[in-house]
Structure formats: C-alpha cells, structure tokens
Amino acid sequence: MNYQGGLALIKRTWASWLQARGFFWVLAFGWMIPPLIYLFVWSTAAGEQTVAGMDRGEFIGYYLLIILSNQLTYSTTNWTVGDVIRYGQLNTWLLRPLPPIFEAFAAEIAGKVVFMLFVLPVSGILALLLRPELHTTWMEGVAFVPALLMAWALRFFWGYWLALLAFWATRADSLLVIQDSLVFLLSGVVAPFALLPAGVAAVARWLPFRYMVGFPVEILSGQLPAGEMLLGFAIQIAWLALAVFLSIVIWKKGLRRYAAVGG
Amino acid sequence: MPIKPIEPHISARGLSKTYRVVERGEGLAASIKSLFHRRYQNVDAVCEINFNIQRGEMVGFIGPNGAGKTTTLKMLSGLLHPSAGEARVAGYVPWERKTGFLKRISMVLGNKSQMLWDIPPMDTFRVLGEIYQVPRAAFQQTLDELVELLDMSALLTKPVRNLSLGERMKCELVAGLLHQPEVLFLDEPTLGLDVSMQNRLRSFFKAYNRTRGATIILTSHYMADVTALCPRVILIHRGRLLYDGELSGLAERLAPFKIIRFALTNGPAAIALPESAHLLPSEDDHMACRTSREDAPAVTSYLLNTYSVADLTVEDPPIEAVIDQVYQEGEV
C-alpha cells in the first residue's frame, strides 16, 4: 500500500481547501445552526427542572458535543463523488496507481481539519458562555473514541455506497438528502434518543442513523448503561460492515458499467 | 533454439465496445413516459478492431467525431471494459488496472484537467511524484528536463487558475510525464492552442519519443499534428478500422491522382490538355491540373514540351482533402 502517496494527496487537498476556507467555514456555520436551535429549545424547556433526567447544563453539554460529532462525522466527499462519476472526472482517479477511495479519504481528512479550525474555537466560546455540564466516567471517555471513529466510518461508507449509485442513476445524490434528513430526525439532533417517542425510538434503535452522530455523544454524556452501550456497539459494527460491503460490491459492479462521459 | 517473437507493445484483437443508450422523444409527454418505460438502444462505438503497435512507434488515430477513437483509447488505458475482444498494453490487460500497468502508461486529455485550480502546479507535481513512487532524485531530474523543454519555469508557483490555456496544457503534460511512462495516450493534446504552441508541443512529443523510446498513440483533429508526428495512421470510422498503414499510403489509396501546378512565362492563358488531365480553377498566376498518378509523367512532359513553362511542381492532394473524402464517404 502506498501510504506516502495517500499522505501527499491529503496534504494537497488540504492546501487546496484552505484556499477556499471562507466557503467551508460558512458551510460549517450552516451545519451548526440546527443543533444550536435545539440546544436553546431543550435548555429553555428544562429551565430549572429536568426533562427525562437531563437538566439545563446537561442539555447544553449534550448539544455542544452533538455539534462536534455532527461536524466530525459529516461526509462532504459523498456529495462530490456523484459529480466525479457523472462528469467523467473519475478518469483521472482511475488512471493513477492508487486506489480511488484514497481521493475520497484525502478529502474527508483534509475537510475535517479545515472545518475544525472554525468549529473548535466557536464551540469553545459557546462552552465558556453557556457553561455546559458533563458527567463522564473514564470508561465512557475511552469508549467514546472508537464509537466516534466508527460513527464517522459508518456515515462515510453509508453515503459512499449511495453516491456510487451514480454509476446507474445520474442524480443518485438525491438519496443523500434523505440520509441527511433521517440523520437529523433519528440520530439525536432533534431530540436526544432518550426523549424520542417510544415507537420512533424502537425503530431508531435498529436503524443505522443513530450510530452516525448521537451514539458516541450518548456514551460521553453518560446516558447509556453498560448493556445498552455494548448493544449499541454491536449494531454500529453490523451496519458499518454492511456499508463497507455494499461500497465494495457497488464499486466493482459500477466500474464495469462505467461509461466514461465525453470525448 | 526457437526465436521468441517480440510481443507488440500494444495489441488489440476483436476489440469492441457497445454502449446502451436511453432513447427518448422530444417534449414533456415523452419525458414523463420515459420515467415509467425506458427504451434503450445499443450503439456500437467500436467494432472488432485489430492492430499491433511496436515499442517506440508513434501512431495517429484519426477519424471523424464519434468514430470511436476516444473509446478505443479509454479501453487501452483501462478506463473502459470492452464488450468483447482482447487487448494487451505493455504486457498487461488494461482494464485489470494493475499498479504495474498504471505506472507504465499515461493519458493526456486535451479537454480534461488533472491539475487542482487553487494551488500552484508544483504542489500537484509533488503529489504525483509520491503517488507514482518516483525516487526523489529521478523526480527532480525529470521535472527539470520537462520544465526546460517546455520553457515553463515561471509557471510552477502560480495558481493554476491564473494560467492561460496553453500554459495549463504544458502543466498537464508535465503531470502526465513525471513518472516517465513508456506508453503515452494523447487525446487531442493541442486542442485550442495557437499555432506556435502547437509546433512547440509537436517538437516536444518527437523529442520524448526519441529520447525515451516511448510508444505514443495520438488522436487529433488537426491533421498537422498527425502529419508532423505519425509515420503510421489508424483510421477509424463508425467504430470500424478502415485503414492501418503509412499516412502517404492512405493518400495514394484514397486519391489516386496528382496535382500539377505550373506557371506559363506569359501568365495564365487558354491551353489544351491531354484527355487524361483536367484543368482546375486557377489561383493567383499559377495554373493547375489534375491527372492520375500513372499519367502524371506524360502530362508533365507534354506541358514542358508544348508550352513555355516558367515553373512546375507535381503534388499529392492535400491530406485534409483526402481525409475529408473518407469522412464523407465512410470507406477507403
């Protein structure tokens, strides 16, 4: 495996994206708005009381973490993969002796760095102003790291296989809009998982979307007993395995079908 | 001991590609209907093409728009899977896209860019050096050579978006050649460039072919590219191979006539010609006639013996006219 090449690709993408950092920071700001709105909704609703066992400070802590988790797991790359296939730019990726997914990884990693340059200071200021509360054990702190990494991987690969459908349907990226909506509704952005109506929660527990954003935050904010956490990891791993499998199969089949566009 | 025949550097056997294209009528009604019921049509872009190209050859792929040239190049560079047939390039099956194969080839597309617009070309070159795992010393040496040949040292640190079309094309070439490919596919490399830039690139391709022994396939709609670079041409029309041989041979087979241009001492005048020769509309103070290749010597000596001739040349018809004839008629 040519790791040097992959690393160079990340650096180049990063350099290129930093040239347009204003654009990416405006995007990041846009993504912060929905969780920020619900931060104020739920912290106001809690007032001096608690809602489902969470008080005002805990809601603020939860939503500041949701903002970070949402930014860290959001995959901008998948929005461009469809275009890359549609407009034939994939030719350039295919002609290089490096697996094309490296291009997507490079954009992902470079993107995270560029977004975090904006999101971390803003979240820090919000934390200073709003005084969040967090009750985390060291075990939850340790479990948070793999949960967050897998949340990113799941969100990335789930979007990736949807984006690869562009080999068959030219505007398959519309499916990403549905993914984003389901993530918004079921992953703990509209409301923490514990506050979802029983029927919705029962469905959300088994679908992949909760495990793309909310699950690691639930762990770090101490909302999950050990049994729930283990079940969550099992479901997250199963969906991740399926997403990776689908990405590989669809890539291989799609490539055979690929009719490079244009003269 | 039996002598093993040398394997061609590029070979194609029965290579075919059929595209499945959605057929749709005009207007809103047809577009709504196509949502529920799609009709497909099979389009044969390339049909059973065969050829061999030896190491170090420069071959021109010619044919009208939509003839199947680019589709063939895309199959040979591994971008497309063929519908039928086989191909081998530098010992590899292209569409398996093995790392060894991808390191040996390069495809430069005149209408597509692999440069990132926001950063200087040098950054992209360095990344390519890493991707192709070119040792640092070799990278620097090749880069220096290419930059000197293309006279582009001033461009290396400017963002690509600020470069002109010709300057960007130079960057594309450096990007495509940094790993010193032994097989080079050039698809319309001089598209949109001015005459002096075209000449410069032609000299560059010649030098690259000579010094590296690289095999080059070139497609271009500028016949000047092909005549300047390619002793051999492969002519494709409607997906079929119509001609494979020397460019001059194509002219001979297609246009079995010569054009005799001459000037009379006293200027243009009404003259009588042998039956085998036809007078052509004259340009400036020269006159011209067309005759078969076999009759050309006889007509020439008739003109010289009968009239007071100040100047005379015997020419092949212009290659553009020959090619145009094939494109119009679709056969050789």
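Residues numbered from 1 in each chain as written. Chains lettered and ligands numbered in written order. Predicted model: local features only at pLDDT ≥ 70, side-chain atom pairs only at ≥ 80, totals over all residues.

**Side note on the overall build of chain A**
We apply this condition: Secondary structure elements are taken from DSSP: a helix is a run of H or I of four residues or more, a strand is a run of E of two residues or more, and numbering for both begins at the N terminus. To get the radius of gyration, use the C-alpha atoms; to get the globule rule, take the number of residues to the power 0.38 and multiply by 2.2 Å. Buried, partly exposed and exposed are defined by the number of other C-beta atoms within 10 Å of a residue's own C-beta, namely 20 or more, between the two limits, and 12 or fewer respectively, with C-beta atoms placed from the backbone. Any two residues are considered in contact once their C-beta atoms, placed from the backbone, lie within 7 Å.
The secondary structure content of chain A amounts to eleven helices and two strands. Starting at the N terminus and walking to the C terminus, you meet the elements of chain A as α-α-β-β-α-α-α-α-α-α-α-α-α. Its C-alpha atoms give chain A a radius of gyration of 19 Å, near enough to 18 Å, the size a compact globule of 263 residues would have. In terms of overall dimensions, chain A has a C-alpha envelope of 65 × 40 × 30 Å along the principal axes. Expressed as a percentage of the 263 residues in chain A, the buried residues total 41%. A sequence separation of at least 24 residues applies to 79% of the contacts in chain A between residues at least 6 apart.

**Re the sheet that holds strand β3 (residues 58-62) of chain B**
Residue and element names in this part refer to chain B. Which entries qualify depends on this criterion: Two strands pair if DSSP finds at least two bridges between them. Simply put, an axis is a line fit to the C-alpha atoms, just over the touching stretch for a helix, and the angle between two N-to-C directions goes from 0 to 180 degrees.
Read across the open sheet, the six strands follow the order β5-β6-β7-β3-β8-β9; overall the sheet is mixed. The sheet is open, and its two edges are formed by β5 (105-109) and β9 (240-246), each paired on a single side. Direction aside, the axes of adjacent strands within the sheet are offset by 15° on average. Strand direction decides the pairing type here: β5 and strand β6 (residues 183-187), joined by five bridges, are parallel. Looking at β6, one finds that Met 107 is bridged to Phe 185.

**Focus on the sheet that holds strand β10 (residues 257-264) of chain B**
All names here are of chain B. Ordered by their spatial adjacency, four strands build an open sheet running β11-β12-β10-β13, and the pairing between neighbours is antiparallel. At either margin of the open sheet sits one strand with a lone partner, and together these are β11 (277-283) and β13 (309-315). The average angle at which neighbouring strand axes cross in this sheet is 25°, direction not considered. In the packing of helix α10 (residues 296-306) onto the sheet, contacts are made with β10, β11, β12 (286-292) and β13, and the angle to β13 comes to roughly 170°.

**Let's talk about the nonpolar core**
In summary, soluble globular proteins display a tendency toward joint burial of nonpolar side chains. Test applied: Any set of buried Ala, Val, Leu, Ile, Met, Phe, Trp, Tyr and Cys residues joined through C-beta atoms within 7 Å is what this text calls a nonpolar core.
A:Tyr63, A:Ala151, A:Leu154, B:Leu218 and B:Val233 are the most contacted members of the largest nonpolar core, which has 138 residues in total. Looking at this core element by element, the count peaks at 15 residues for helix α7 (residues 138-164) of chain A. Contacts of B:Leu218, omitting those with residues within four sequence positions, involve B:Met58, B:Gly60, B:Phe61, B:Leu186, B:Asp225, B:Val226, B:Leu229 and B:Cys230. If you look at the next biggest cluster of nonpolar residues, it comprises five residues, including B:Ala277, B:Cys289, B:Val299 and B:Leu303.

**Here's the deal with the domain arrangement of chain B**
Test applied: Domain start and stop points were drawn from an automatic or database domain assignment.
As far as domains go, chain B holds domain 1 (10-251) and domain 2 (256-315). Of note, the centres of domain 1 of chain B and domain 2 of chain B, computed from C-alpha atoms alone, are 43 Å apart.

**A closer look at unusual backbone geometry**
Residue and element names in this part refer to chain B. Even without a glycine there, the phi angle at Glu 48 is positive, about 40°. Mapped onto the elements, Glu 48 comes out in strand β2 (residues 39-53). The residue Arg 238 is not glycine, and still its phi comes out positive at about 50°. For Arg 238, the position within the fold is in the loop between β8 (232-237) and β9.

**Let's talk about the packing of helix α3 (residues 56-73) of chain A against α7(A)**
Residues and elements named next belong to chain A. Note the threshold: Roughly parallel covers angles under 35 degrees, roughly antiparallel covers those over 145, roughly perpendicular covers 65 to 115, and oblique covers all other angles. With the far helix as reference, a near helix turned anticlockwise by less than a right angle produces a left-handed crossing, and one turned clockwise produces a right-handed crossing. Only Asp, Glu, Lys and Arg are considered charged in this grouping, and only Ala, Val, Leu, Ile, Met, Phe, Trp, Tyr, Cys and Pro are considered nonpolar; every other residue, Gly among them, is considered polar.
Here α3 crosses α7 at 45°, and the two axes come no closer than 9 Å. Judged by the inter-axis angle, α3 sits oblique to α7. The two elements α3 and α7 cross, and the hand of that crossing is right-handed. Touching Ser 69, Leu 72 and Thr 73 of α3 are Leu 148, Ala 151, Trp 152 and Arg 155, all from α7. Class assignment of the residues belonging to the contact of α3 with α7 gives a composition of four nonpolar, two polar and one charged.

**Details of the interface of chain A and chain B**
Contact residues are listed per partner, giving 22 residues for chain A and 26 residues for chain B. Of all the secondary structure elements, the ones that give two or more residues to the side of chain A that touches chain B are α1 (3-19) and α5 (90-94) of chain A. A total of eight residues in the side of chain A that touches chain B trace back to one element, the largest contributor, which is α1(A). Residues of the side of chain A that touches chain B, tallied by class, amount to ten nonpolar, nine polar and three charged.

**Side note on helix α6 (residues 101-130) of chain A**
Residue and element names in this part refer to chain A. Just so we agree on the cut-off: Working rule for helices: expected span equals 1.5 Å times residues minus one.
Between its terminal C-alpha atoms α6 stretches 40 Å, which fits the 44 Å expected from 30 residues at 1.5 Å a residue. All of the buried residues along α6 are Phe 102, Glu 103, Ala 104, Ala 106, Ala 107, Glu 108, Ala 110, Gly 111, Val 114, Phe 115 and Val 119. Structurally, α6 contributes buried residues whose contacts are with α1, α2 (21-46), α3, α4 (77-86), α5 and α7.

**Overview of the confidence of the model for chain B**
What counts is decided by this rule: Scored between 0 and 100, pLDDT is the confidence that the predictor attaches to each residue.
Of the residues in chain B, 96% have a pLDDT of 70 or more, and the chain-wide mean is 86. Interface scoring of the predicted complex returns ipTM 0.77; its pTM is 0.79.

**Here we look at the packing of α7(A) against helix α8 (residues 174-186) of chain A**
All names here are of chain A. Direction vectors running N to C along α7 and α8 enclose 155°, while the axes themselves pass 8 Å from each other. The angle between the axes of α7 and α8 places the two elements in the roughly antiparallel class. In this structure, the crossing between α7 and α8 has a hand that is right-handed. From α7, Trp 158, Gly 159, Leu 162 and Ala 163 reach across to α8, where they touch Leu 175, Leu 176 and Gln 179. Each residue belonging to the contact of α7 with α8 can be placed in one class, and the counts come to five nonpolar, two polar and no charged.

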